[in-house]
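# Architecture at a glance
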Amino acid sequence: MQDHIVVLTGAGISAESGLSTFRDNGGLWEQHSVYDVATPEAFERNQELVLRFYNERRRQLKDAQPNQAHRLLAELEKRYRVTVVTQNVDDLHERGGSSNVIHLHGELTKARSCVDPGLVYDIGYTDISLGDRCDLGEQLRPHIVWFGEEVSMLEKAADVVRTADHLLIVGTSLQVYPAAGLVYEVDMDVPITVIDPGEPASVSRAHVIRKGASEGVAEWVSRLAGR
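In short, a report on the structure.

Conventions used here
Residues numbered from 1 in each chain as written. Predicted model: local features only at pLDDT ≥ 70, side-chain atom pairs only at ≥ 80, totals over all residues. Heavy atoms only, no water. Helix = DSSP H or I, 4+ residues; strand = E, 2+ residues; numbered from the N terminus. Buried < 20%, exposed > 50% of the residue type's maximum accessible area, 1.4 Å probe, protein only. Contact = heavy atoms within 4.5 Å. Areas by Shrake-Rupley, 256 points an atom, 1.4 Å probe, with all protein chains shown as cover. Salt bridge = Lys/Arg side-chain N within 4 Å of Asp/Glu carboxyl O. Axes fitted to C-alpha atoms, helices over the stretch in contact; angles between N-to-C directions. Parallel < 35°, antiparallel > 145°, perpendicular 65-115°, else oblique. Phe/Tyr/Trp six-rings, centres within 6.5 Å; stacked < 30°, edge-to-face > 60°. Lys NZ or Arg CZ within 6 Å of the ring centre and 35° of its normal. Core = buried A, V, L, I, M, F, W, Y, C linked by side-chain atoms within 4.5 Å. Pairing = 2+ DSSP bridges.

## Some words on the overall build of the chain
- Check the secondary structure of the chain and you find eight helices and eleven strands.
- Taken along its principal axes, the extent of the C-alpha atoms in the chain is 55 × 35 × 30 Å.
- Counting over 227 residues, the chain shows a buried share of 49%.
- Across the chain, every contact between residues at least 6 apart in sequence was considered, and the portion connecting residues at least 24 apart equals 62%.
- Carbon and sulfur atoms provide 48% of the accessible area of the chain, an area that totals close to 11100 Å².

Here you go:
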């Protein structure tokens, strides 16, 4: 049976493809804080502002390309069972070739109903405008898990992590909960590797590769192939 590699990814892997994050910008976007554009209350206050923010993120994503880290993770599927659990809302893992991706925080290329979370629509890189409505006649919103909302994919991700033979963590500081708690779902005998050039939160018994996503994943894959 193939080993199961579970990969947890965060903003660091997308940053190498040129996708900026709130953290890069000091938590601000056009002088608006994350709480102006990424909470249910913000959407109630100013739907136009929130839609414009995500429309701009979608246009930026359209021009971005998967990097070496995305492609190397996809190539692992030739020899292993691989599941990517990502905190990112972009589609770079899929475009890089990964076939099994769980998006904890939603997907930028989808929209959903404001009244029925089960009504989800693929919109690609097109804008969501005021007046764009779901099949129930209500305004569409980004298919994103905003601050204060339930992370509905968390339990599915936890179930996957519990089946890991290797846990690889790329480009996340492990400081954002509840996603960061997934690392504690892995069995005690499963090797854990953290790839991050900064100072990720301490994970007991984890091997840390202090490099960027592409360089670090290349080193880890090489090590895996030579074991």
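Read on for the rest.
## Structural notes on the pattern of salt bridges
- Applying the stated rule across the entire model yields 13 salt bridges.
- When the shortest N-O distance is used, the salt bridge between R112 and E149 registers 3.9 Å. Taken together, the residues span a long stretch of sequence, with R112 in strand β6 (residues 106-113) and E149 in the loop between β8 (140-144) and α7 (154-161) at a distance of 37 residues.
- In this structure, K211 engages E215 in a salt bridge whose closest nitrogen and oxygen atoms are separated by 3.9 Å.

## What about the packing of helix α5 (residues 68-75) against helix α8 (residues 213-225)?
- The interhelical angle for the contact between α5 and α8, taken along N-to-C directions, is 25 degrees, at an axis separation of 8 Å. The orientation of α5 relative to α8 falls into the category roughly parallel. Seen from α5, the contacting residues are Q68, A69, L72 and L73; seen from α8, they are A213, S214, V217 and A218.

## Comments concerning the packing of aromatic side chains
- Scanning all chains against the criterion turns up four aromatic pairs.
- Measuring from centroid to centroid gives 5.7 Å for Y35 and F147, while their planes differ by 50 degrees, and the two rings are tilted. Of this pair, Y35 sits in helix α2 (residues 34-37) while F147 sits in the loop between β8 and α7; the two residues are 112 residues apart in sequence, bridging distant segments of the chain.
- Exposure remark for Y35: the relative accessible area of 52% places this residue in the exposed category.
- What makes F147 partly exposed here is its relative accessible area of 45%.
- Centre to centre, the rings of Y54 and W146 are 6.3 Å apart; their planes meet at 40 degrees, and the pair counts as tilted. Here Y54, found in helix α4 (residues 47-63), pairs with W146, found in the loop between β8 and α7; they are 92 residues apart in sequence, far enough to count as distant.
- Following the ring pairs from residue to residue traces out a cluster consisting of F43, F53, Y54 and W146.
- In this structure, R141 packs its charged tip against the face of W146, placed 3.8 Å from the ring centre.

## Some details on the nonpolar core
- Counting residues in each nonpolar core, the largest one holds 25 residues, and the members touching the most others are V6, L8, V85, L167, I169, L182 and I192.
- Secondary structure elements with two or more residues in this core: β1 (4-9), α7, β9 (166-170) and β10 (192-195).
- Top element by residues in this core is α7. It accounts for four residues.
- The contact partners of V6, leaving out residues within four places of it in the chain, are T83, V85, V160, V161, A164, H166, L167 and L168.

## Some thoughts on the pairing of strand β4 (residues 81-86)
- Most of β4 sits inside the fold, with five of its six residues counted as buried.
- Pairing of β4 with strand β5 (residues 101-103) involves three bridges; the strand directions are parallel. Bridge assignment links V85 to a residue of β5, and that residue is I102.

## Observations regarding the environment of D135
- Of note, D135 is situated in the loop between β7 (120-122) and β8.
- Its relative accessible area of 64% is what places D135 among the exposed residues.
- In sequence terms D135 and D116 are 19 residues apart; their C-alpha atoms lie 9.9 Å from each other.

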